[in-house]
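Coordinates in review
Spelled out, the chains give:
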Amino acid sequence: MITIEQMCLPAPHAFSVEIVQRAGTEKYNTLGQRIMDGQKEKRLLNISWVRLERNVMARLFTLLDEKTLLSVTFPDPADGEKTLLCYAVGRSARVWQFPGEAAWADVQLKLEEQ
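Residues numbered from 1 in each chain as written. Predicted model: local features only at pLDDT ≥ 70, side-chain atom pairs only at ≥ 80, totals over all residues. Heavy atoms only, no water.

Quick notes on the environment of A23
By the secondary structure assignment, A23 is in strand β3 (residues 14–28). On a C-alpha basis, the gap between A23 and Q39 in space is 4.3 Å, while along the polypeptide they are 16 residues apart. Setting aside residues no more than four positions away along its own chain, A23 makes contact with M36, G38 and Q39. (Helix = DSSP H or I, 4+ residues; strand = E, 2+ residues; numbered from the N terminus. Contact = heavy atoms within 4.5 Å.)

Spelled out as structure tokens, the structure:
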């Protein structure tokens, strides 16, 4: 189960966790060796839904607009269930049904660990 700020999200169509290394500054010396100023492991969460109900979509996007840092609980491949503070770094949705009340498809959300 995935929650954002204690809001339970519907089961996603796809969910992935990328564990990446982020470095402060990165340079190469004259021997061609890479020198990094600090390094930290960060998680990038990619969540997507094929269809998402309009009211859920509205609540989710309103929450993302209101807060900069979000508390996210998700299943983690390394630690089981994990709770992190994340930034929303990307989101997109496509209109599936229009005119009338819009229905949304191919909803994607990208979150990055603080």
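Quick look at the side chain of T3
You can see T3 is positioned in strand β1 (residues 3–4). Judged by its relative accessible area of 13%, T3 falls in the buried class. Excluding anything up to four places from it in sequence, T3 contacts C8, S71, V72 and T73. (Buried < 20%, exposed > 50% of the residue type's maximum accessible area, 1.4 Å probe, protein only.)

Looking at the pattern of salt bridges
This model, assessed by the stated rule, comprises seven salt bridges. A salt bridge links R43 to D76; the nearest nitrogen and oxygen atoms lie 2.6 Å apart. A residue pair is termed long-range when its members are at least 10 positions apart, and R43 in strand β4 (residues 34–52) and D76 in strand β5 (residues 69–76) qualify at 33 residues. Here the two residues R43 and D76 agree in accessibility, since each one is buried. Put simply, D65 and R91 hold a salt bridge, and the shortest N to O gap is 2.6 Å. On the criterion of sequence distance, the pair formed by D65 in helix α1 (residues 54–66) and R91 in strand β6 (residues 80–97) is long-range, its members being 26 residues apart. Since its relative accessible area comes to 56%, D65 is described here as exposed. One salt-bridge network, held together by shared partners, links E41, R43, D76, D79 and K82. (Salt bridge = Lys/Arg side-chain N within 4 Å of Asp/Glu carboxyl O.)

Notes on the packing of aromatic side chains
Applying the stated criterion to the full structure yields one aromatic pair. A centroid spacing of 6.3 Å and a plane angle of 55 degrees characterise the contact between F15 and F74, whose relative ring orientation is tilted. Of this pair, F15 sits in strand β3 while F74 sits in strand β5, and the two are 59 residues apart along the sequence. Residue F74 is classed as buried on the basis of its relative accessible area, which comes to 0%. The aromatic ring of F61 is capped on one face by R91, whose charged end is 5.1 Å from the ring centroid. (Phe/Tyr/Trp six-rings, centres within 6.5 Å; stacked < 30°, edge-to-face > 60°. Lys NZ or Arg CZ within 6 Å of the ring centre and 35° of its normal.)

Side note on α1
In a regular helix each residue adds 1.5 Å, so 13 residues correspond to 18 Å; α1 covers 18 Å between its end C-alpha atoms and thus fits that length. Along α1, the positions that sit buried rather than exposed are V56, M57, L60, L63 and L64. Buried residues of α1, viewed axially, fall in a sector of 135 degrees; they line one side. In α1, the exposed residues that point more than 90 degrees away from the buried face are D65 and E66. The elements touched by buried residues of α1 are β1, β2 (7–8), β4, β5, β6 and β7 (103–113). (Expected span 1.5 Å × (residues − 1). Arc of directions from axis to C-beta.)

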